[in-house]
Amino acid sequence: MTGAAGGWTEDILGPDYSALTLTVPRPDGTPRQATLVRHRPAGPEELAAAGAGPVQRPAVLYIHGWSDYFYNTGLAEFFTGHGYDFYALDLHNHGRNLVSHELGGYVDDLSDYDDEISLAHATVQAGAGAGDENGAREGDAERAGEFPIVLMGHSTGGLVATLWAHRFPAKVGQLVLNSPWLEIQGGAAIRRAATPLVRPVADLRPLTRMRVPERTFYWRGISDEAYGEWHVDRSMRPPQAFPVRAGWMRAVLAAQRRVAGGLGLPMPVLVLLSSRSMLGPVWSDAMLGADVVLDVRALAVRAVSLGNSITVERIDGGLHEVFLSAVEVRRDAYHRLERWLRGYGPAGTS
């Protein structure tokens with residue numbers, strides 16, 4: 001790992017949000033960038049805590065999905081309102097760091113994200129509750145006194161977070177997965193059939209663009225330019241997902257195969273899913289109350305492969321990102337998250 005470039009600056013989400021650029025080397029030694037976003041409201045309690053000196057609070061680190069970035073201010077405010085420090089990571093070549101839409105999100109192994117997640121984790125550790133403005137470098141977490149965090153991931157970010165938690169279990173106290181892409185649409189049989197078709201193409205020409213449906217159904221459900229409530233910046237989260245490349249698809253299938261083999265995660269895991277999927281080719285208003293991206297039945301089945309303490313919550317009317325659903329639906333989702341955190345979350349939170 002390398003470290004943080006510069007200090008925290010005000011983020012595009014407003015004055016209560018700040019951003020820190022994290023620089024990690026590529027395999028060839030050239031740098032790449034990720035962005036850590038922090039929500040720290042300047043209310044009376046926070047100001048009082050700052051005046052009293054460093055106070056260790058439980059921390060959340062959120063990882064977005066593929067073709068996405070962090071903009072869900074409601075999620076951040078839920079956690080800070082319950083006594084957590086909240087951080088979100090825009091992965092390299094996504095969102096705040098998007099270099100190329102055509103190659104957006106491309107990696108040939110999901111472990112390529114490990115270094116930037118580990119650097120984000122070290123930054124969270126070093127600055128948790130202490131008002132740190134200078135970021136972190138490798139080793140800072142050990143000096144600060146390491147403690148496990150709540151790791152949260154959505155969709156492909158949920159798959160990435162799951163495997164990172166498997167590789168670094170001591171760093172994760174609780175794992176929260178929001179519609180995680182743990183299994184391909186249709187289930188294990190489809191994945192096993194697809195793998196030998198994808199692998200030869202990926203081995204020879206990993207950047208080959210695969211022919212998959214390119215739809216805007218999910219974007220329509222979340223964006224305030226269509227039927228949703230959220231400002232989604234087209235330059236950072238295009239209405240259509242990034243082009244699917246063979247090398248990336250091979251990486252996803254390989255990661256899902258590892259999950260299917262059983263991970264034995266030691267930490268408690270919460271999996272939040274919509275109650276149904278609608279994956280058809282024609283738009284319907286009913287899609288405003290369903291997951292139009294992933295097969296939630298396949299995800300629910302695969303969730304039991306994660307470990308021995310797994311909670312699955314099915315949200316009626318939920319979108320693919322359940323916390324971007326309609327007001328009453330996401331209120332239900334937050335209630336379930338709050339209930340789970342009371343039982344499994346870090347001590348000292350409300």
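It should be emphasised that the depicted structure is a prediction, and the values quoted were computed from it without experimental measurement.

On to the overall build of the protein. Of regular secondary structure, the protein possesses 10 helices and nine strands. Taken across its 350 residues, the protein has 55% of its residues classed as buried. Carbon together with sulfur atoms contributes 53% to the accessible area of the protein, which is approximately 14300 Å² in total.

On to helix α6 (residues 188–204), then. A rise of 1.5 Å per residue sets the reference length of α6, with its 17 residues, at 24 Å; its end C-alpha atoms lie 25 Å apart and thus fit the reference within 8%. Roughly 30° is the biggest bend found in α6, and it falls at T195, with proline P196 one to four residues downstream. Taken residue by residue, α6 has A188, R191, T195, V198 and A202 as its buried positions. At its buried positions, α6 is contacted by α8 (246–260) and α9 (296–303).

A word on the pairing of strand β9 (residues 310–315). The side chains of a regular strand alternate between both faces of the sheet. Across the two faces of β9 the burial differs, with T311, E313 and I315 buried and I310, V312 and R314 not buried at all. In the sheet, strand β8 (residues 269–274) pairs with β9 via six bridges, with the strands oriented parallel. Looking at the pairing, S274 lines up with I315 of β9. Handedness of the crossover is the feature at issue here: the chain leaves β8, passes through α9, returns alongside β9, and the resulting connection is right-handed.

Where helix α2 (residues 73–81) meets helix α10 (residues 327–344), the closest approach of the two axes is 12 Å, and the angle between their N-to-C directions is 30°. Seen from above, α2 lies across α10 with right-handed handedness. Contacts between α2 and α10 pair G74, L75, F78 and F79 from the former with Y334, L337, E338 and L341 from the latter. In terms of residue class, the contact of α2 with α10 is made up of six nonpolar, one polar and one charged.

Tracing the chain through its elements places Q174 in strand β7 (residues 172–178). Judged by relative accessible area, Q174 falls into the buried class, the value being 9%. For Q174, the side chain forms a polar contact with the main-chain oxygen of Y344, separated by 3.0 Å.

Attention now moves to the packing of aromatic side chains. A complete count under the given rule lists 16 aromatic pairs for this structure. When the ring of Y227 is compared with that of W283, the centres are 5.5 Å apart and the planes differ by 5°; the resulting orientation is stacked. Taken as a pair, Y227 in the loop between α7 (217–222) and α8 and W283 in the loop between β8 and α9 lie far apart in primary sequence, 56 residues in all. Grouped by ring-pair contacts, the aromatic residues Y62, F70, F78, F79, Y84, F86, F323 and Y334 constitute a single cluster.

Note on placement: D11 falls in strand β1 (residues 3–11). Sequence separation between D11 and R38 is 27 residues; the distance between their C-alpha atoms is 8.6 Å. Among all residues touching D11, those that are not within four sequence positions of it are Y17, S18, A19, V37 and R96. Within the structure, D11 has its side chain in polar contact with the side chain of R96 (distance 2.9 Å).

Here we come to the pattern of salt bridges. In total, this model carries 17 salt bridges according to the counting rule given. Residue R32 is joined to E116 by a salt bridge in which the shortest nitrogen-to-oxygen separation is 4.0 Å. Linking R32 in strand β3 (residues 31–39) with E116 in helix α3 (residues 114–127), this pair joins segments that are 84 residues apart in sequence. E116 gets classed as buried once you look at its relative accessible area, which sits at 0%.

Counting buried positions over the eight residues of α9 gives six, a clear majority of the element. Elements that come into contact with the buried residues of α9 comprise α6, α8, β8 and β9.

A separate point is the pairing of β7. With seven of its seven residues buried, β7 lies for the most part within the structure. Both strand β6 (residues 149–154) and β7 contribute to a ladder of six bridges, which runs parallel. Counterpart to H154 in the pairing with β7 is N178. Taken together, β6, helix α5 (residues 156–167) and β7 form a β-α-β motif whose crossover is right-handed. Here β7 runs beside β8; their pairing, made up of four bridges, is parallel. Directly across from L177, in β8, lies its bridge partner V271.

Moving on, we come to the packing of α3 against α5. At a closest axis distance of 11 Å, the pairing of α3 and α5 adopts a crossing angle of 70°. Our classification of the angle between α3 and α5 gives roughly perpendicular. Of α5, the residues touching α3 (which contributes D114, I117, S118 and H121) are V160, W164 and R167. Residues that form the contact of α3 with α5 fall into these classes: three nonpolar, two polar and two charged.

Analysis parameters
Residues numbered from 1 in each chain as written. Predicted model: local features only at pLDDT ≥ 70, side-chain atom pairs only at ≥ 80, totals over all residues. Heavy atoms only, no water. Helix = DSSP H or I, 4+ residues; strand = E, 2+ residues; numbered from the N terminus. Buried < 20%, exposed > 50% of the residue type's maximum accessible area, 1.4 Å probe, protein only. Areas by Shrake-Rupley, 256 points an atom, 1.4 Å probe, with all protein chains shown as cover. Expected span 1.5 Å × (residues − 1). Bend = angle between axes of the 7 residues up to and from the residue. Contact = heavy atoms within 4.5 Å. Pairing = 2+ DSSP bridges. Right-handed = clockwise from strand over helix to strand, strands pointing away. Axes fitted to C-alpha atoms, helices over the stretch in contact; angles between N-to-C directions. Left-handed = near helix turned anticlockwise from the far one by under 90°. Nonpolar A, V, L, I, M, F, W, Y, C, P; charged D, E, K, R; others polar. Polar contact = N/O pair within 3.5 Å; in protein donor to acceptor, adjacent residues only side chain to side chain. Phe/Tyr/Trp six-rings, centres within 6.5 Å; stacked < 30°, edge-to-face > 60°. Salt bridge = Lys/Arg side-chain N within 4 Å of Asp/Glu carboxyl O. Parallel < 35°, antiparallel > 145°, perpendicular 65-115°, else oblique.

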